[in-house]
Structure formats: structure tokens, C-alpha cells
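Fold and contact review
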Amino acid sequence: MMLIRVMNDMTQIKPNNAVLLNQWSSKWAFILAATGAAVGLGNIWRFPYMAGSHGGSAFVVLYLIFVLILGLPIMIAEILIGRRARKNPVDALITLAKQSKRSKYWGLLGWWGALALLLVLSFYSVVSGWSIAYLIKSISGQFNGLNADQVNHVWHQFLSNPWRLLGWHTLFMALTIGVIIRGVHEGLEKATQFMMPALYLILLALVIYAACVGNFAKAARFLFDFNINTITSSVVIAAMGHAFFTLALGAGAMLTYGAYVPKNVNIAQTVFIVAALDVLVAILAGFAIFPLVFAHHLSPSAGPGLMFVALPIAFADIPGGAFVGGLFFLLLLFAAWTSSINLAEPLVITLQYRLKVKRKTAAVLVGVFAWSIGIGSLLSFNLWKDVKFFHTYTVFDLATNIPTNIILPIGGLGFALFAGWVMKKSATRSELNSKLYPAWRFLIRYIAPAGIFIVFITPFL
Ligand code: TRP
């Protein structure tokens, strides 16, 4: 992808050089990279199991509302901040704050986002590692002819060995950092461009399969039959957190990709496309997984294993399932890879420019750090299974939920306030350059901050 080319070019910029960051080659290059960042495990793995364990439709409907009223305006805000400053998140915030004669401590918002990125990257790599393992299991025919119980057994067996999980986690982190350090060959760039549409197609095929053999009506009711009484404060918080997670918002990651956006790109329009594709993939994943969940009497609230059990049941059953399953996990791996690159890139450029180290050094530091934290997550499926905080949460639960439900939304609030109240109106208006400006400005100044605030106080209401 073009993103890779930009990164290659960036390595030529010396840390102490005030050169502005390079740009995407076209509007589509940016849309592709931003979609690559947004679409990932969040859509296909996390969305179904979060919806499943938070009452289905209540979660889904709230998530859609949050995408509209928080996701769209905040994504615009981040991209606009990035393009205005063309710097890493910390320096971008400091520069723009100074231009508005405001405190340089706005830079702390960039570090706050970096904390979220580091934590997310740590468990993201663990789960992406599972996808590599499942790619191999599928292709080698290990699911052929198994029934639902047996597929479930394979999953629990798989999680029980920490060394194996560590191996896959290490491999995936190396893949991510490898891309960041070296950049990727033409071949892989082209492959990725073709893999994203292929992922959509295979998901669609799985939905059709699930509709034929699964309990589609029950899945549709579960995901969309909305009953206001099922909303609780934890559902509201989880749905908001997931909206930020899936759109890659609240951490300065979209800001970083925004820093490479050429002036002539219409930000509002591209944001609509990215958000629409992201939601579409999540809904498709829901309709691929839940009909099978209900047909095979699995529990929708099975947690992180939901996708890794439900889909292999399908692959075990269909002719050529080993191949279809292998292809699915390969595409999932690519989706995860383009997302993890987006998680690591802001961290790397922030360290590179703030600590004035080489890009390679920064990349290795980020990789090693995130990798070490990830070990806590993978142990919580075996050796640390019984380590529970507040009697409920494993290390993995905390590593996923604290950044997602707390750090990202607070970061999002920060970016909303920054774009709405710190930056000058003339600056944001000329940057957005759209008829939608008044609507965006209203959303970003009032609705988004109030929305986030209200969600955070729901537990106390
Ligand atoms: N959006 C990705 C997904 O859904 C994850 C992701 C990529 C992300 N970049 C991010 C999450 C930045 C938070 C912040 O899988």
C-alpha cells in the first residue's frame, strides 16, 4: 500500500530537520490506508464477541449511534489536526496550541494516546498470532469433518500452551515492526490492495453460507431487535469504547495518517467512506458468525473465542473448507497487519522525533515494549487463568478494556476539545473546506464532548 511508500520516504527525513512529513500520493491511497487502519480484528473478531456478551442489539445500536455522533466528527478532527501540523501527534498538538497562543501542555494528549496505542498493540499482536496459527490449522486440514464440540476442544487446547502462543505473538510483532523498519516491497503493496476487497468477498460468501445452514432469523433478531430495557451502563461504555477502537480513534493514529494527507483531499468525504466500510465489515462479520452460533447452540457470550470457534465449524463442514478457512485467516491476518502498522507508526514517529533517535531504533523499542506487555495477555489464557482482578477480570480483559473503554474515549474528548475550542475557527474552517463545516463544528464543540461525558457518568446515574 501507499502507506508503505510514505514510510520509506520518511526514513530519509532527519530527526532534527523541520521538514514536514511526506504525503499520500492520492486521495485513494489515503482512503485505502485509513480503511486498512480501521478494518481489522476489531470488526471481525472483537465486534461479534462484544455484541454477544453485551446483549446483542443494545450494543449494536449504541455502537452505530456512537459511530455517527462521536466517530465521524472526531475522525474529521484528528485528520484535520494532522494535516494542519504535518507532524507526529505530540509535536502536532504543541505546534497548533502555540499557534493559538495556548499551553504547550496539550502535547500531553499525544502521550496519552501513545499509552493507548502501546497497550492495544500489545494484545493485538497476541490475537493476530492466533490468526496465523489458525491459518495453518485450517490449511493443513485440522478442522476437516470436526463437529462443534471438537472445534471447541481444539480452541481450548490451543490456548493452553503459553509457549506456542508466545511463538505466534513474537512472529506477528516481528512482521509488524519489520514493515515499519524496512518498508515493504512492491509485491506486498499490490497484494494488500487486492486482499482488502478479497476479505469483503469472503465475508460475504460466509454470510451466504451462514444464511443457508445457520439460524439467520435468530441472528438478525439478536443483532437488531432493539429493546431499550436491555441497555445498562456497562453496555453504553463498551459500545462507545468499541466505536473508538474500530475507527482507530482517540489515540492520534488517524492524526498520524492525516499528517500525510494532501491539501486537495476532501476530508469529510473520505471519512464517510472509511466509516461506512468499517461498519459494513463489522455487520457482515456479525451475520457470518451469529447464525452459526445459534444453529450450533454455542453461547453468544463465549468471549474472545467466539470467532475462533464459530467459523471453523463452518470450515469443517463445507467442501473445500480447509482452503476457504485458510483463505479467510490469511485475509484476516492482512487486515490485522494493516491495523497493527497503524498502531505502531504513531509511536515510532513520536519516539523518533521526540527522543531524536533513528527510525529503526524507535521501531525496535516500540516492538520490544509492546511485545513484553503482550506476554501478560497471553498468559491469562493458561498460567494466569485464575488471576482475576475484582474477582472477574483477567489480565487480558484489563489489557483490552482499559485502553478501549477508558483511554481512547478520554483521548477522543481531548481531540474534540482541541479541534473545537483550541484551534482557531479560521484554521479548522479552511482545513475542512466543506459545506458541512457548521454541522461538524457544532458536533465537535458540544455534542461529542457532552456525549463522552454523559457516557462516563452513566454508572453513577
Ligand atoms: N481499528 C482497528 C481494528 O478495528 C484497531 C486499530 C488500528 C486501532 N489502529 C488503532 C485501535 C488506533 C485504536 C487506536 O481492528
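In short, a report on the structure. Model, not experiment: these values are computed from the prediction.

Some words on the overall build of the protein chain
In terms of regular secondary structure, the protein chain is built from 19 helices and 0 strands. When its C-alpha atoms are laid out on the principal axes, the protein chain stretches across 65 × 50 × 40 Å. The 461 residues of the protein chain split such that 61% are buried. A separation threshold of at least 6 residues defines the contact pool for the protein chain, and within that pool the share at least 24 residues apart is 82%. Carbon and sulfur atoms make up 67% of the accessible area of the protein chain, which amounts to about 17700 Å² in all. For the protein chain, the distance from the average site of its 32 positive side-chain charges to the average site of its 13 negative ones is 13 Å.

Considering the packing of helix H6 (residues 107-139) against helix H16 (residues 359-379)
The N-to-C vectors of H6 and H16 enclose an angle of 65°; their axes lie 7 Å apart at closest approach. For the crossing formed where H6 meets H16, the hand is right-handed. Together, Leu118, Leu119, Leu121, Ser122, Phe123 and Val126 of H6 and Val366, Phe369, Ala370, Ile373, Gly374, Ser377 and Leu378 of H16 make up the contact between the two elements. Along the lines of polarity and charge, the residues of the contact of H6 with H16 split into 10 nonpolar, 3 polar and no charged.

Topic: the nonpolar core
When a protein is soluble and globular, its nonpolar side chains tend to lie buried together. In this structure, Trp45, Trp130, Met307 and Phe328 are the most contacted members of the largest nonpolar core, which totals 172 residues. Among the elements that make up this core, the one with the highest residue count is helix H13 (residues 267-295) (18 residues). In this structure, Phe328 is in contact with Ile44, Ile202, Leu203, Leu206, Met307, Leu311 and Phe315, ignoring residues within four places of it in sequence.

Things to note about the packing of aromatic side chains
Scanning the entire structure with this criterion turns up 35 aromatic pairs. Plain terms: the ring middles of Phe308 and Phe329 are 6.1 Å apart, the flat faces sit at 10° to each other, and that makes the pair stacked. Taken together, the residues span a long stretch of sequence, with Phe308 in helix H14 (residues 306-317) and Phe329 in helix H15 (residues 321-354) at a distance of 21 residues. Phe329 carries the same exposure label as Phe308, and that label is buried. Here the aromatic rings of Phe315 and Phe328 are separated by 5.9 Å at their centres, their planes lie at 45°, and the arrangement is tilted. One end of the pair, Phe315, is in helix H14; the other, Phe328, is in helix H15, with 13 residues separating them in the sequence.

Things to note about the site of the ligand
The immediate surroundings of the ligand are formed by 16 residues, with Ala38, Gly42, Tyr124, Phe245 and Asn342 found nearest. Contacts to the ligand include Asn43, whose side-chain N or O atom sits 3.4 Å from an oxygen atom. Within the complex, 100% of the 370 Å² of free accessible area of the ligand lies under protein. Where the shell around the ligand is concerned, the elements lending two or more residues are helix H2 (27-38), helix H3 (41-53), H6, helix H11 (233-246) and H15. Its residues placed into classes, the shell around the ligand shows 10 nonpolar, 6 polar and no charged.

Regarding H16
Between its terminal C-alpha atoms H16 stretches 31 Å, which fits the 30 Å expected from 21 residues at 1.5 Å a residue. Taken residue by residue, H16 has Arg359, Ala362, Ala363, Val366, Gly367, Ala370, Gly374, Gly376, Ser377, Leu378 and Leu379 as its buried positions.

Considering the pattern of salt bridges
For the coordinates displayed, the defined rule picks out 5 salt bridges. Residue Arg359 pairs with Glu345 through a salt bridge whose shortest N-O separation is 2.9 Å. With a gap of 14 residues between them, Arg359 in helix H16 and Glu345 in helix H15 connect regions that are remote in the sequence. On the basis of relative accessible area, Arg359 is assigned to the buried category, the value being 6%.

Notes on unusual backbone geometry
Positioned with a positive phi, Arg86 is a non-glycine residue whose angle comes to about 50°. Note that Arg86 resides in the loop between helix H4 (57-85) and helix H5 (89-99). On the basis of relative accessible area, Arg86 is assigned to the buried category, the value being 7%.

Parameters at a glance
Residues numbered from 1 in each chain as written. Predicted model: local features only at pLDDT ≥ 70, side-chain atom pairs only at ≥ 80, totals over all residues. Heavy atoms only, no water. Helix = DSSP H or I, 4+ residues; strand = E, 2+ residues; numbered from the N terminus. Buried < 20%, exposed > 50% of the residue type's maximum accessible area, 1.4 Å probe, protein only. Contact = heavy atoms within 4.5 Å. Areas by Shrake-Rupley, 256 points an atom, 1.4 Å probe, with all protein chains shown as cover. Lys, Arg positive; Asp, Glu negative; His and termini not counted. Charge placed at Lys NZ, Arg CZ, Asp CG, Glu CD. Axes fitted to C-alpha atoms, helices over the stretch in contact; angles between N-to-C directions. Left-handed = near helix turned anticlockwise from the far one by under 90°. Nonpolar A, V, L, I, M, F, W, Y, C, P; charged D, E, K, R; others polar. Core = buried A, V, L, I, M, F, W, Y, C linked by side-chain atoms within 4.5 Å. Phe/Tyr/Trp six-rings, centres within 6.5 Å; stacked < 30°, edge-to-face > 60°. Near = heavy atom within 4 Å. Polar contact = N/O pair within 3.5 Å; in protein donor to acceptor, adjacent residues only side chain to side chain. Expected span 1.5 Å × (residues − 1). Salt bridge = Lys/Arg side-chain N within 4 Å of Asp/Glu carboxyl O.

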